Amino acid sequence: MKTTLRAMGFGAVGLMMASTSAFATECIAPADAGGGWDFTCRQIGKLLYDLKQVDQPVQVTNMAGAGGGVAYTHVVTERNEDADLIVAASSATTTRLAQNAYAGMTADQVRFVGAIGGDPGVIVVAKDSPFQNLGDLIAAIKADPSSVTFAGGSAAGGFDHLKPLMVLKEAGFTDFAKVKYIGMDGGAEAITQTIGGFTQAMTGDMSEISGFIKSGDVRALAVLTSEPVPGFEDIPTAKSQGIDVEVVNWRGLYVPKGISDDAFNAWAEKLKAVAESAEWKQVMVENGLAPFTKVGGDFQGWIDGVVADTNQLSKDIGVIQ
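All of the points below concern the structure found in this document. (Residues numbered from 1 in each chain as written. Predicted model: local features only at pLDDT ≥ 70, side-chain atom pairs only at ≥ 80, totals over all residues. Heavy atoms only, no water.)

This brings us to the overall build of the protein chain. Scanning the protein chain for helices and strands turns up ten helices and eleven strands. Pairs at least 24 residues apart make up 81% of the contacts formed inside the protein chain by residues separated by at least 6 positions. As displayed, the protein chain has an accessible area near 12200 Å², and 51% of this comes from carbon and sulfur atoms. Seen as two clouds, the 24 positive and the 37 negative side-chain charges of the protein chain have centres 3 Å apart. (Helix = DSSP H or I, 4+ residues; strand = E, 2+ residues; numbered from the N terminus. Contact = heavy atoms within 4.5 Å. Areas by Shrake-Rupley, 256 points an atom, 1.4 Å probe, with all protein chains shown as cover. Lys, Arg positive; Asp, Glu negative; His and termini not counted. Charge placed at Lys NZ, Arg CZ, Asp CG, Glu CD.)

Considering the arrangement of structural elements, one finds Asp119 in strand β5 (residues 110-126). A distance of 2.8 Å separates a polar atom in the side chain of Asp119 from a polar atom in the side chain of Arg251. Apart from residues lying up to four places away in sequence, Asp119 is in contact with Asp205, Met206, Ser207, Val247, Val248, Asn249, Arg251 and Leu289. (Polar contact = N/O pair within 3.5 Å; in protein donor to acceptor, adjacent residues only side chain to side chain.)

In the structure shown here, the tally under the stated rule is seven aromatic pairs. Each ring, one from Phe112 and one from Trp250, has its centre 6.5 Å from the other, and the planes form 80°; the classification is edge-to-face. With Phe112 in strand β5 and Trp250 in strand β10 (residues 245-256), the pair connects residues that are 138 residues apart, well separated along the chain. With a relative accessible area of 1%, Phe112 lands in the buried category. Ring geometry for Phe299 and Trp302: centres 5.6 Å apart, planes at 10°, overall stacked. Separated by three residues within a single helix, Phe299 and Trp302 lie in helix α10 (residues 299-316), roughly one turn from each other. Judged by its relative accessible area of 0%, Phe299 is buried. Every member of this aromatic cluster is reached through a ring pair, and the members are Tyr72, Tyr102, Phe112, Trp250, Tyr254, Phe299 and Trp302. The ring centre of Phe264 lies 4.1 Å from the NZ or CZ of Arg111, which sits over that ring. (Phe/Tyr/Trp six-rings, centres within 6.5 Å; stacked < 30°, edge-to-face > 60°. Buried < 20%, exposed > 50% of the residue type's maximum accessible area, 1.4 Å probe, protein only. Lys NZ or Arg CZ within 6 Å of the ring centre and 35° of its normal.)

Attention now goes to unusual backbone geometry. Of note, Asn100 is a non-glycine position whose phi angle comes to about 55°, a positive value. A residue is classified by how much of its surface remains accessible, and Asn100, at 49% relative accessible area, is partly exposed. Of note, the phi angle at Ala103 is positive, near 50°, even though the residue is not glycine. Relative accessible area serves as the criterion here: at 75%, Ala103 is assigned to the exposed category.

Attention now moves to the packing of helix α1 (residues 36-50) against helix α9 (residues 278-287). Where α1 contacts α9, the two axes come as close as 10 Å, and the packing angle between them is 155°. Considering the angle they form, α1 stands roughly antiparallel to α9. Considering the relative orientation of α1 and α9, their crossing is right-handed. Between α1, through Phe39, Gln43, Ile44 and Leu47, and α9, the contact on the second element is made entirely by Glu279, Trp280, Val283 and Asn287. Residue composition of the contact of α1 with α9, by class: five nonpolar, two polar and one charged. (Axes fitted to C-alpha atoms, helices over the stretch in contact; angles between N-to-C directions. Parallel < 35°, antiparallel > 145°, perpendicular 65-115°, else oblique. Left-handed = near helix turned anticlockwise from the far one by under 90°. Nonpolar A, V, L, I, M, F, W, Y, C, P; charged D, E, K, R; others polar.)

Our next topic: the state of the cysteines. Taken as a whole and assessed by the stated rule, the structure comprises one disulfide. The disulfide partner of Cys27 is Cys41, and the S-S distance across this bridge is 2.1 Å. Measuring handedness by torsion sign, the sulfur bridge of Cys27 and Cys41 sits at about -75° and is left-handed. Placement of the pair is Cys27 in strand β2 (residues 26-29) and Cys41 in helix α1, with a sequence separation of 14 residues. According to the relative accessible area criterion, Cys27 is buried, its value standing at 1%. The buried category is assigned to Cys41, whose relative accessible area is 1%. (Disulfide = S-S within 2.5 Å.)

Bringing the side chain of Thr225 into the picture now. Position of Thr225 relative to the elements: it lies in the loop between β9 (218-223) and β10. Reaching out from Thr225, the side chain makes a polar contact with the backbone oxygen of Glu227 at a distance of 2.6 Å. Once you skip the residues sitting within four places of it in the chain, Thr225 turns out to touch Pro120, Thr237, Val245, Glu246 and Val248.

Let's shift gears to helix α7 (residues 206-215). Looking at α7, one finds that the buried residues are Met206, Ser207, Glu208, Ile209, Ser210 and Ile213. Gly216 lies just past α7 and shows a positive phi near 85°.

For helix α6 (residues 187-195), the set of buried residues is Gly187, Ala190, Ile191, Gln193 and Thr194. Buried positions in α6, seen along its axis, are confined to an arc of 155° and lie on one side of it. Once α6 finishes, Gly197 follows within two positions and takes phi at roughly 85°, a positive value. (Arc of directions from axis to C-beta.)

Position of Ala88 among the secondary structure elements: in strand β4 (residues 85-90). Residues Ala88 and Gly186 lie 98 residues apart in sequence; the distance between their C-alpha atoms is 12 Å. Setting aside chain neighbours within four positions, we find Ala88 in contact with Cys27, Ile28, Ala29, Pro30, Trp37, Thr40, Cys41, Gly252, Leu253 and Tyr254.

Here it is in structure tokens:
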């Protein structure tokens, strides 16, 4: 059986930032500095300015809390018509929406204008961990589920939490309630927990972890893609270790629902310019991102499908009823 959660579908970010704008664009990263959402805001924001898509540097605001829910509520209730606001989003966003984790808010309360790049899921351990491969980790959990605690950058039940559960499900383990997981406000805090020995493994995305892999602070047990990731070919896939699971996190943006169609479409063109640039292609190579782009108004429809699929998956593995 093959378990797949393709968090892909990349697209254009609808923003309106004409050269005459009186305000700088603000990008909200719904987590602390250093994680995947922070990466999205800082990298896309930098290129928007470098490529002259906006006339002032993009202001990045870190707004952690509730697995992205604090930022989502802020945008919906306080910034609904702010055409100079963009917000980092990913599969973690749609996962939380699918699980009704944002206090009853739904995916149609903002405008998902697109994403660029797929961020492969990865499971890592500290450099001195006794686990040498994915099989060692799975065997330890099967023998004593309480012996392994995962850290991740999403809340409990969120996208990072789903990754090891999908792996374990494929390996024949089904007592998911016994698997210990600690949700942090971003991947940077989660990786620190594992390096420090407070947790035995970390589940996240390649962009969050690539620097720690290169420095040797952590050892990657598996990347959750069908093929090795360019630039990280020495990291084995879960599939090559007998676990046929793919989990790829899309990286993109949403904007307030109340902005005009013209503003939405203008931001779509600006994100498309970033996606097609040589600079962005280099960022993807350096951070292990898969080069996928989807731009256009159909992205919201794709998001609706992902939310429905994730809702069903969450029920299948017992995260929600």
